[in-house]
Structure formats: C-alpha cells, structure tokens
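For reference, the chains in residue letters:
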Amino acid sequence: MRTSTNTGARRTARAALALLTLTLAAACGSGGDADGRGGDADKAPKTATGTLEQLAQQAECKPNIQTDAAELRQANCTTGDGKYVLATFATDRGQREWINEANDYGGSYLVGRKWVAVGDAKVVTALRGRLGGTVETGSQHHSPSSGASGGSETGHSGHHGS
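It should be emphasised that the depicted structure is a prediction, and the values quoted were computed from it without experimental measurement. (Residues numbered from 1 in each chain as written. Predicted model: local features only at pLDDT ≥ 70, side-chain atom pairs only at ≥ 80, totals over all residues. Heavy atoms only, no water.)

### Quick word on the sheet that holds strand S4 (residues 108-112)
(1) Moving on: Ordered by their spatial adjacency, 6 strands build an open sheet running S1-S2-S3-S5-S4-S6, and the pairing between neighbours is antiparallel. Taken across any chain shown, the strands that pair with only one partner, and hence form the sheet edges, are strand S1 (64-68) and strand S6 (134-137). On average, each strand axis in the sheet is tilted by 20 degrees relative to the strand beside it, whichever way the strands run.
(2) Moving on: Relative to strand S5 (residues 115-119), S4 runs antiparallel, the two sharing 5 bridges. Opposite Ser-108, over in S5, you have Gly-119 as the bridge partner.
(3) Moving on: Together, strand S3 (82-89), S4, S5 and S6 form the strand contacts of helix H4 (residues 121-131), whose direction differs from that of S4 by roughly 20 degrees. (Pairing = 2+ DSSP bridges. Helix = DSSP H or I, 4+ residues; strand = E, 2+ residues; numbered from the N terminus. Axes fitted to C-alpha atoms, helices over the stretch in contact; angles between N-to-C directions. Contact = heavy atoms within 4.5 Å.)

Here you go:
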C-alpha cells in the first residue's frame, strides 16, 4: 500500500532526476578543463557525512541549491575539477531508489551515506579525494536498439514499482 507521502517523495525524486539529467547533459558538453588526477582514487579519505552545505564546503564548492525538499536536497556545484550535482537524502532507502533510477541514465556516481555526487568520471574521481565514498557507474541500457541485442539487460528484471 502506497501512502501519499511515498508518492510525493517519488515525484520529487523523479523531478530532481530529470533536472539532474539535463544538468549533466549541459555539463558534459561544456569542454574538458578537468585535469583527470587519477591518483586521487587510491587516496580517498574516510567517507564524509553532513548536510548538503557541509559536504559542499568539504568539496570546496559553493552550492547552487536546485531542490530543497524534506526528502531530497540537490545543488549544482562547479570547482576547478568541473561541474557536478550534489544531492543529500533523508533516508538510505530514498537514496538507493534514486540511484537505482538514475543508473538507467549512465554516468558516474560518488556515493556516501545519504549523499551522492554525480558528474563526469574525472570529476567524480577528484571529488573522491575530498569526500571519500564509493564510485558507481550507471548502466545506460535504455538505448533505442537495446531490445534487439538479446542479453543486454543483465540483471534488470524490467519491473519498477517495488
């Protein structure tokens, strides 16, 4: 049984995901001024915790808040490493549902407890050097020809309403 609170949270998360997708599309086409510091991945600090503002400060970003809801707060950030989106969640479950839906769009995600940073792989790698966390990569299996390849849906059950 779904409550109106769960439905409202899903709508907010989906709207934020749509905004994130547009933001990432614009950021990816803006040129590559990131230096790709590959060594940062091996030197990640303990995973950061805190509010959106605290995480942004640790990441050396002045957050441009885009979504400010009880279950999800999201901001655009720009640093010397590039552009990315930083999101915090009220619950672990809300975070995991958001990531599961976002994974369909591909991309790189730096994941901490109740927060996610999303951006170009080089930006995510550099952020990991400041925020810690785990890097996840989206599957991007929703291409127009994905149904004809037979086996391109590894691990995807096709249902979305759990």
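### Here's the deal with the environment of Val-85
(1) Moving on: Tracing the backbone shows Val-85 in strand S3.
(2) Moving on: Taking relative accessible area as the criterion, Val-85 reaches 1% and is therefore assigned buried.
(3) Moving on: In sequence terms Val-85 and Val-118 are 33 residues apart; their C-alpha atoms lie 5.1 Å from each other. (Buried < 20%, exposed > 50% of the residue type's maximum accessible area, 1.4 Å probe, protein only.)

### Describing the state of the cysteines
(1) Moving on: Scanning the entire structure with this criterion turns up 1 disulfide.
(2) Moving on: In this model, Cys-61 is linked to Cys-77 through a disulfide, with the two sulfur atoms separated by 2.1 Å. Judged by the sign of its S-S torsion, about -75 degrees, the bond between Cys-61 and Cys-77 is left-handed. With Cys-61 in the loop between helix H2 (52-58) and S1 and Cys-77 in strand S2 (residues 72-79), this pair connects stretches of sequence that are 16 residues apart. (Disulfide = S-S within 2.5 Å.)

### Brief notes about the environment of Lys-114
(1) Moving on: Along the chain, the position of Lys-114 falls in the loop between S4 and S5.
(2) Moving on: A residue is classified by how much of its surface remains accessible, and Lys-114, at 27% relative accessible area, is partly exposed.
(3) Moving on: Sequence-distant contacts of Lys-114, that is, excluding residues within four places in its chain, are made with Ala-87, Thr-88, Phe-89, Ala-90, Thr-91, Asp-92 and Gln-95.

### Description of the environment of Asp-68
(1) Moving on: Tracing the sequence through the fold places Asp-68 in strand S1.
(2) Moving on: Separated by 19 residues in sequence, Asp-68 and Ala-87 place their C-alpha atoms 9.9 Å apart.

### Section: the nonpolar core
(1) Moving on: In this structure, Tyr-84, Leu-86, Leu-110, Trp-115, Ala-117, Leu-127 and Leu-131 are the most contacted members of the largest nonpolar core, which totals 17 residues.
(2) Moving on: Residue assignment for this core shows that the elements contributing at least two residues are H2, S2, S3, S5 and H4.
(3) Moving on: Broken down by element, the residue count for this core peaks at 4 residues, all from H4.
(4) Moving on: The residues touching Leu-127, leaving out its near neighbours within four places in the chain, are Ala-59, Tyr-84, Leu-110, Ala-117 and Gly-132. (Core = buried A, V, L, I, M, F, W, Y, C linked by side-chain atoms within 4.5 Å.)

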